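Coordinate analysis (summary)
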Amino acid sequence: GSQTGNCRSIARSLANEAPVHGIMARALGLEDHLSVVWAHEPLLLIVSSSTGNGDAPDNAAAFYKQIKNPKTEPIFAHTRYTVLAIGDTNYEKFCAVGKQIDKALERLGGKRFMARCDVDESIAGLETPVQAWAVRFWS
């Protein structure tokens, strides 16, 4: 989910780099979640920020609501996933959305293949920590 476009840009950059690593990928905004057949998605990377004090970005609100709903079926049972959470430690609920997405994907049957990474954009921006994370992600 991306409020300002930073997470969308990171996701697109990673999707563009994927073929170099032998992976065919696409970057979708979380607003497109209803068009995805999760059973056909064996690998998932969610890049999401938190807005305000732990709120989902506008484009992720419906997805966030769906996965937090206790009545949602285990739609990620065939999916391996990881989460790159972007936040700001000046807020009490640092990376809250990414943390909640991570927990919800697991509850809904997803298998975490890499620990969630929480990036603090208030320290030195996003580029350096995201690049360091990407090196681990691709290895």
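Positions within a chain are numbered from 1, following the residues in the order the chain's sequence is written. Residues qualify for local features only when their pLDDT is at least 70, as the model is predicted, and side-chain atom pairs are given and counted only at 80 or more; totals for whole chains, interfaces and linings, by contrast, use all residues. Excluded from the side-chain calculations are hydrogens and water; all other atoms, namely the structure's heavy atoms, are used.

Turning to the environment of Tyr64, a few remarks are in order. Each helix is a run of H or I in the DSSP string that is no shorter than four residues. Each strand is a run of E no shorter than two, and both are numbered from the N terminus. As for its position among the elements, Tyr64 is in helix α2 (residues 61–68). With a 1.4 Å probe rolled over the protein chains alone, any residue whose accessible area is under 20% of its type maximum counts as buried; one over 50% counts as exposed, and the rest are partly exposed. For Tyr64, a relative accessible area of 12% translates into the label buried. Taking C-alpha positions, Tyr64 is 9.0 Å from Ala104, a pair spaced 40 residues apart along the chain. Every residue pair with non-hydrogen atoms within 4.5 Å of one another is taken to be in contact. Leaving out residues up to four positions away in the same chain, Tyr64 has contacts with Ala56, Ala96, Val97, Gln100 and Ile101.

What follows is about the packing of aromatic side chains. Two aromatic rings from Phe, Tyr or Trp, using only the six-membered ring of Trp, form a pair when their centres are within 6.5 Å; if the ring planes differ by under 30 degrees the pair is stacked, by over 60 it is edge-to-face, and anything between is tilted. If you walk through the whole model with that rule in mind, you get five aromatic pairs. On the numbers, 6.2 Å between centres and 50° between planes, the contact of Trp38 with Phe63 is tilted. Of this pair, Trp38 sits in the loop between α1 (6–17) and β1 (43–49) while Phe63 is found in helix α2, placing the two residues 25 residues apart along the sequence. Exposure class is identical for Trp38 and Phe63. Each is buried. Centroid distance Phe137 to Trp138: 4.8 Å. Interplanar angle 70°. Geometry classified as edge-to-face. Like Trp138, Phe137 is buried. Taken together, Phe113, Trp133, Phe137 and Trp138 form an aromatic cluster joined through their ring pairs.

Moving on, we come to the nonpolar core. In this structure, Ile46, Phe63, Phe76, Ile101 and Leu105 are the most contacted members of the largest nonpolar core, which totals 21 residues. Sorting the residues of this core by element identifies β1, α2, β2 (80–87) and α3 (96–107) as the ones contributing at least two each. Among the elements that make up this core, the one with the highest residue count is α3 (four residues). With residues near it in sequence (within four places) discarded, Phe63 still touches Leu30, His33, Trp38, Ile46, Phe76, Ile101 and Leu105. In terms of nonpolar packing, the next biggest core, distinct from the first, is built from 16 residues, Ile10, Leu84, Ile86 and Val119 among them. Among buried residues, those of type Ala, Val, Leu, Ile, Met, Phe, Trp, Tyr and Cys that are joined through side-chain atoms within 4.5 Å constitute a nonpolar core.

Bringing the side chain of Asn59 into the picture now. Looking at the secondary structure, you find Asn59 in the loop between β1 and α2. A distance of 2.7 Å separates the side chain of Asn59 from the side chain of Glu31, its partner in a polar contact. Ignoring anything within four residues of it in the chain, the contact list for Asn59 reads Gly1, Ser2, Arg8, Gly29, Leu30 and Glu31. Polar contacts, as counted here, are pairs of nitrogen or oxygen atoms within 3.5 Å of one another; within protein the pair requires one atom able to donate a hydrogen and one able to accept it, and residues that are adjacent in sequence qualify only if both atoms are side-chain atoms.

Take Leu126: it is sitting in the loop between α4 (121–124) and α5 (127–138). Using a relative accessible area of 14% as the deciding quantity, one classes Leu126 as buried. Note: C-alpha distance between Leu126 and Ile10 (116 residues apart in sequence) is 9.3 Å. What Leu126 contacts, discounting residues up to four positions off in sequence, is Asn6, Ile10, Ile86, Val119 and Glu121.

Moving on: the state of the cysteines. A pair of cysteine sulfur atoms is labelled a disulfide when the two atoms are within 2.5 Å. This structure, assessed with the given rule, holds zero disulfides. Counting only cysteine sulfurs, Cys95 is the nearest neighbor of Cys117, a cysteine outside any disulfide, at a range of 8.3 Å.

Here we take up the packing of α2 against α3. A fitted line through C-alpha atoms represents every axis, and for helices the fit uses only the stretch in contact; the resulting angles, taken between N-to-C directions, go from 0 to 180 degrees. Contact geometry of α2 with α3 gives a least axis separation of 9 Å together with a crossing angle of 45°. As far as their axial angle goes, α3 and α2 are oblique. In this structure, the crossing between α2 and α3 has a hand that is left-handed. Of the residues in α3, those in contact with Phe63, Tyr64, Ile67 and Lys68 of α2 are Ala96, Val97, Gln100, Ile101, Ala104, Leu105 and Arg107. Looking at side-chain class alone, the contact of α2 with α3 contains eight nonpolar, one polar and two charged residues. Here the angle decides the label: under 35 degrees means roughly parallel, over 145 means roughly antiparallel, 65 to 115 means roughly perpendicular, and every other value means oblique. Handedness of each helix crossing follows the sense of rotation of the near helix against the far helix: counterclockwise by less than a right angle gives left-handed, clockwise gives right-handed. All residues other than Ala, Val, Leu, Ile, Met, Phe, Trp, Tyr, Cys, Pro, Asp, Glu, Lys and Arg, Gly among them, are scored as polar; the first ten of these are nonpolar and the last four charged.

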